[in-house]
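So the chains spell out like this:
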Amino acid sequence: MSAASAFPNMASIGELDPLTAAIPATKVEITVSCRNLLDRDTFSKSDPSKLFRLHPLYDSYLYQECFGRTEVIDNTLNPDFVRKFILDYFFEERQNLRFDLYDLDSKSENLSKHDFLGQMYCTLGEVVGSPGSRMERPLMGIPGKNCGTIIVKAEELGNCRESVLLQFCGNKLDKKDFFGKSDPFLVFYRSNEDGTYTICHKTEVVKNTLDPVWQAFKIPVRALCNGDYDRAIKIEVYDWDRDGGHDYIGEFKTSYRELSKGQSQFNVWEVRSVTKLPSQQVTLLSCLIDVEVTFLDYIKGGGSCLCFVCCVLFYLWTGNPSQPTSLHYMNPYQLNAYAMALRAVGEIIQDYDSDKMFPALGFGAKLPPDGRVSHEFALNGNPENPYCTGIEGVLEAYYRSLKSVRLYGPTFFSPVINHVARYASLVKNGSEYFILLIISDGVISDMAQTKESIVNASCLPMSIIIVGVGSAEFDEMIELDGDEVRISSRGRFAERDIVQFVPFRDYIDPRGNHILSMARLAKDVLAEIPDQFLHYMRTRGIKPNISPLSYSSKPMSALAHPALPLQTQI
């Protein structure tokens with residue numbers, strides 16, 4: 001017999017920090033198959049079963065929870081497991097998965113009683129970021145043996161994506177106002193599993209009529225019924241009063257399955273009330289169902305790639321990197337704040353970048369041999385090709401540059417923002433979306449120019465993440481975030497909010513758990529990226545499954561504007 005099991009990490013952060021538990025972007029269904037498994041049975045083929053584990057936080061060795069098991073398939077080395085695993089998907093979290101495969105030899109629940117066939121580690125981001133959200137990898141775990149391969153596919157659940165446009169009208173509603181008729185409105189409630197109801201929508205008020213026609217409204221299907229098409233939906237009818245003491249007119253119940261049939265004789269409801277007026281009715285005028293395009297639709301089609309660009313400030317005020325008091329301190333035993341921010345964000349985004357080659361820039365340093373100050377140089381020392389292999393390559397280049405350059409300053413943001421904006425301006429068809437990570441401390445020295453750069457970049461396929469390190473005041477960086485007041489420059493407002501700022505000190509775990517600190521940081525700074533990405537795509541009418549132009553695979557200098565190339569190499 002063969003069985004599979006899995007362990008995901010979704011709930012772990014919520015368990016450790018319940019006040020910051022995230023709302024999943026969507027749900028995905030995981031399907032597992034295997035090919036060319038080891039044959040561990042003497043007189044027949046293996047009977048495979050898979051154990052699926054969801055991994056907590058970043059620790060690759062702690063798998064606290066067995067998420068589920070597949071069925072057992074008898075006598076095969078190429079199982080296609082029928083049982084699916086349903087996972088909440090969070091873009092902003094690193095959701096580590098582990099698949100263990102066993103040949104079941106008895107009915108015992110003790111896995112040590114069965115033959116181990118192999119295992120595979122991955123992240124949910126790697127699966128959904130693979131072409132077609134299908135990932136094939138070799139099974140490992142038995143030295144010297146070819147354990148075969150595992151195929152993991154992710155599919156977004158459709159009922160999480162539907163929205164519906166509904167319009168209702170009323171007929172002969174009860175008269176509640178002494179000097180007029182009624183001012184009716186509708187209140188919609190979703191039923192819960194415990195028999196209670198949760199409000200999910202209110203219509204506008206239609207003044208002074210017993211035969212109202214309410215405006216059409218759009219609502220996610222999951223808000224109406226949480227994906228259960230037969231779950232009861234209660235609709236109450238009220239007469240609006242200025243003092244807030246609205247008069248109850250009546251109510252009726254339906255379901256999303258009934259609503260989805262559209263205008264018909266079945267979607268005319270009698271509004272029941274204590275006055276028992278049988279003539280009161282509410283009618284469904286129209287029901288238009290729309291399956292909304294989601295972030296995963298773009299990613300899984302292979303047509304959109306997230307291009308990660310990181311930029312680090314080398315400011316004199318941060319201190320000598322060889323001293324423990326420096327924010328750039330090269331501690332041989334743990335990461336400094338800059339390195340933790342790079343790893344926290346980069347480890348998640350790299351799952352959505354096919355070649356995992358990241359340009360890494362620095363600014364605010366004096367470069368050898370002449371000591372010229374640069375606000376745009378390659379961390380790896382190669383201005384012709386500043387790409388680093390994976391987030392580990394970025395960290396290696398960062399540490400190497402600390403030994404080569406002299407910290408100086410001041411803090412100029414606009415050069416690096418303009419640099420990335422030039423690349424983004426070349427790929428407005430949605431094939432690439434740029435994410436610029438800036439790690440800095442202190443006061444911004446070119447605030448006016450930075451605002452102008454952000455306003456110009458707000459119409460391009462890019463987002464900016466700013467992580468402030470150290471104990472300085474970050475008032476100017478908070479202003480750039482634009483959550484409260486949209487950023488503007490010279491009378492022009494940003495087309496959309498593309499900046500997310502967080503001070504790293506707010507995410508440091510008081511017990512010194514750097515893994516938890518990085519998880520919290522990544523969760524907050526990346527949470528807005530899917531919505532920013534979708535806003536750009538939707539406002540420009542860009543649909544998923546665009547053929548990528550592969551600009552990210554070219555050296556940065558090939559795209560750089562000749563007026564502002566990368567500075568002299570380190």
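As annotated in an unreviewed UniProt entry, the chain carries the name Copine VIII and comes from Astyanax mexicanus. Looking at the Sequence similarities (unreviewed entry) heading of the UniProt record, one finds this comment for the chain: "Belongs to the copine family."

1. Focus on the environment of Asp 115
The residue Asp 115 is located in strand β7 (residues 115–123) in this model. Between the C-alpha atoms of Asp 115 and Leu 104, which are eleven residues apart in sequence, the distance is 6.6 Å.

2. Observations regarding the sheet that holds strand β9 (residues 149–156)
With respect to topology, four strands assemble into an open sheet ordered β5-β2-β9-β8, the strand pairing being antiparallel. Since the sheet does not close on itself, it has two edges, and those belong to β5 (85–89) and β8 (134–138), each with one partner. Direction aside, the axes of adjacent strands within the sheet are offset by 30° on average. As paired elements, β8 and β9 share five bridges and run antiparallel to each other. Bridge pairing in β9 places Arg 137 opposite Ile 150.

3. Here's the deal with the sheet that holds strand β10 (residues 162–171)
Here we have four strands laid out as an open sheet, ordered β13-β10-β17-β16, and antiparallel in their pairing. At either end of the open sheet lies a strand with only one pairing partner, and these are β13 (217–220) and β16 (268–270). The average undirected angle you get between the axes of adjacent strands in this sheet is 35°. In this structure, β10 lies alongside β13, joined through four bridges in antiparallel fashion. If you follow Leu 165 over to β13, its bridge partner there is Lys 218.

4. Points about the packing of helix α8 (residues 414–424) against helix α9 (residues 447–457)
Running from N to C, α8 and α9 cross one another at 15°; their axes reach a closest spacing of 9 Å. The angle between α8 and α9 places the two elements in the roughly parallel class. Crossing of α8 against α9: the hand is left-handed. For the pair formed by α8 and α9, the contact residues are Ser 414, Ile 417, Asn 418 and Ala 421 on the first element and Gln 449, Thr 450, Ser 453, Ile 454 and Ala 457 on the second.

Definitions and cut-offs
Residues numbered from 1 in each chain as written. Predicted model: local features only at pLDDT ≥ 70, side-chain atom pairs only at ≥ 80, totals over all residues. Heavy atoms only, no water. UniProt positions renumbered as here; feature names shortened; annotations may be inferred. Helix = DSSP H or I, 4+ residues; strand = E, 2+ residues; numbered from the N terminus. Pairing = 2+ DSSP bridges. Axes fitted to C-alpha atoms, helices over the stretch in contact; angles between N-to-C directions. Parallel < 35°, antiparallel > 145°, perpendicular 65-115°, else oblique. Left-handed = near helix turned anticlockwise from the far one by under 90°. Contact = heavy atoms within 4.5 Å.

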